[in-house]
Amino acid sequence: MPGRRHLIDDARCQDYGLARFAGDAARGALVACVSDGAGTAALGGHGARVVCESVVKLAGEHFEATRTRATVQASDVIEWCREARRIIEDAARHRQQPLRDYASTLCGAVIEARRSVFFQIGDGAIVARRHGAIGVVFWPQSGEYLNTTSFLTSDDYLARLQVCVIDGGFADVALFTDGVERLALQFDAQTPHLPFFLPLFAGVRAASDVDSLNGRLRQFLTSESVAAKNDDDKTLLLACRIADEVRHVA
């Protein structure tokens, strides 16, 4: 959702999020990404879209080819990120623009019943829950200076890339950009803000109409109370496994 700052400036939302379910419910995988284009990057929003679409496509192709997530390793995620960066580099060369104009972060997850893979470059965060325990997978990355972070277009992006491979699946997962951080995280304890997430996950699980829930979520993220805390763009993707069904809201 576009933040108040961008609405005032009549600028486009620089965030992007995408989720797909590859395969069937029993043997498939949820593939999800969110990305925040840098506010100082002329084409950061385009970069964010390319990052999400590329990674989701590559992860989905990997799943379709192998029919299992058990083979996914950190090296696969590294290759997906390299390919996404190559696509952005090609776009920059085609338009004769510097790569930094496409600066964008990345939070991603590939989750199936037997294995879960999380990865991140930059700020934003991923929160996941299973067996009643809920936590932040990676704490948002901050740069050397205030309000700076790392990007897929950074020279040291591979050194900044964090990957976590965990056996087993997760019941609930949320991916969000930095515009949601102050609502969703307890910075003093570096934990999720449970009064934020528990009602959201419960809402997804209880919803008979996911589209209606998506509309209410959009209203909440664009409300005056939320805008007063953070005027940046906001992307929040929620997914819950309900028996053999996976519901996701973005």
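Refer to the structure printed above.
Quick caveat, the model's predicted, so the values are computed rather than measured.

Asks: Hey, could you run me through the overall build of the protein in this one?
Replies: Counting its regular elements, the protein contains 8 helices and 12 strands. Taking all 250 residues of the protein together, the buried fraction comes to 51%. Counted over contacts in the protein with a minimum sequence separation of 6, partners at least 24 positions apart contribute 68%.

Asks: What is the right way to read the pairing of strand β8 (residues 172-176) from this model?
Replies: The two faces of the sheet receive side chains in turn, since in a regular strand these alternate between them. Within β8, 5 of the 5 residues are buried, leaving the element largely enclosed by the surrounding structure. By the alternation rule, side chains of β8 split into D172, A174 and F176 and V173 and L175, which are all buried. Of the strand pairs in this sheet, strand β5 (residues 125-130) and β8 are connected by 5 bridges, and their pairing is antiparallel. When the sheet's bridge partners are listed, A128 is paired in β8 with V173.

Asks: Whenever I open this one, the side chain of E181 confuses me. Can you help?
Replies: Tracing the sequence through the fold places E181 in helix α5 (residues 181-184). For the buried residue E181, which engages in no salt bridge, the nearest side chain bearing the opposite charge is R182, 5.6 Å off. Side-chain polar atoms of E181 contact the backbone nitrogen of G124, separated by 2.7 Å. Those residues within four positions of E181 in sequence are excluded, and the remaining contacts are D123, G124, P140, F176 and F187.

Asks: What should I look at first to understand the sheet that holds strand β1 (residues 15-22) in this one?
Replies: Hydrogen bonds along the backbone pair up the strands of a sheet, which may run parallel or antiparallel. Sheet architecture is open: 5 strands sit in the order β1-β2-β3-β4-β7, paired in antiparallel fashion. On the outer flanks of this sheet lie β1 and β7 (162-167), each paired with one strand and no other. Strand-to-strand, the axes of this sheet are offset by a mean angle of 5 degrees, without reference to chain direction. Judged from the 6 bridges that link them, strand β4 (residues 115-121) and β7 form a sheet pairing that is antiparallel. Note that in β7 the partner of V117 across the bridge is V165.

Asks: Just checking my understanding: could you explain the side chain of E112 for this structure?
Replies: Looking at the secondary structure, you find E112 in the loop between β3 (106-111) and β4. The exposure class assigned to E112 is buried, which follows from its relative accessible area of 2%. A polar side-chain atom of E112 sits 3.1 Å from the main-chain amide nitrogen of R114. There is a polar contact of 3.0 Å between the side chain of E112 and the backbone nitrogen of R115.

Asks: Explain helix α6 (residues 194-206) to me, please; I cannot follow it from the model alone.
Replies: End to end, α6 covers 18 Å across 13 residues, agreeing with the expected 18 Å (1.5 Å per residue, within 8%). Of all the positions in α6, only F196, F197, L200, F201 and V204 are classed as buried. Down the axis, α6 shows its buried residues gathered within 105 degrees of arc, on one side only. Pointing more than 90 degrees away from the buried face of α6 are the exposed residues P195, P199 and A206.

Asks: Would you mind showing me how to read the pairing of strand β6 (residues 133-136) here?
Replies: As defined by bridge partners, β5 adjoins β6 across 4 bridges and the pair is classed as antiparallel. Across the sheet, the residue bridging to V127 is V136, located in β6.

Asks: So what exactly am I meant to see when it comes to the packing of aromatic side chains here?
Replies: Each pair of aromatic rings is reported with the distance of its centres and the angle of its planes. Scanning the model with the defined rule gives 7 aromatic pairs in all. Ring geometry for F176 against F197: centres 5.9 Å apart, planes inclined by 40 degrees, an arrangement best described as tilted. Here F176 is found in strand β8, whereas its partner F197 is found in helix α6, with 21 residues between them in sequence. Overall, the relative accessible area of 0% leaves F197 in the buried class. With a centroid separation of 5.9 Å and an interplanar angle of 25 degrees, the aromatic rings of F197 and F201 are classed as stacked. Of this pair, F197 and F201 are both found in helix α6, 4 residues apart, which corresponds to roughly one turn of the helix. For the pair formed by F197 and F201, the shared burial category is buried. Members of the aromatic cluster, connected to one another through ring pairs, are F176, F196, F197, F201 and F220. Just above the ring of F170 sits the side chain of R130; from NZ or CZ to the centre is 4.5 Å. The ring centre of F187 lies 4.0 Å from the NZ or CZ of R182, which sits over that ring.

Definitions and limits used
- Residues numbered from 1 in each chain as written.
- Predicted model: local features only at pLDDT ≥ 70, side-chain atom pairs only at ≥ 80, totals over all residues.
- Heavy atoms only, no water.
- Helix = DSSP H or I, 4+ residues; strand = E, 2+ residues; numbered from the N terminus.
- Buried < 20%, exposed > 50% of the residue type's maximum accessible area, 1.4 Å probe, protein only.
- Contact = heavy atoms within 4.5 Å.
- Pairing = 2+ DSSP bridges.
- Lys, Arg positive; Asp, Glu negative; His and termini not counted.
- Salt bridge = Lys/Arg side-chain N within 4 Å of Asp/Glu carboxyl O.
- Polar contact = N/O pair within 3.5 Å; in protein donor to acceptor, adjacent residues only side chain to side chain.
- Axes fitted to C-alpha atoms, helices over the stretch in contact; angles between N-to-C directions.
- Expected span 1.5 Å × (residues − 1).
- Arc of directions from axis to C-beta.
- Phe/Tyr/Trp six-rings, centres within 6.5 Å; stacked < 30°, edge-to-face > 60°.
- Lys NZ or Arg CZ within 6 Å of the ring centre and 35° of its normal.

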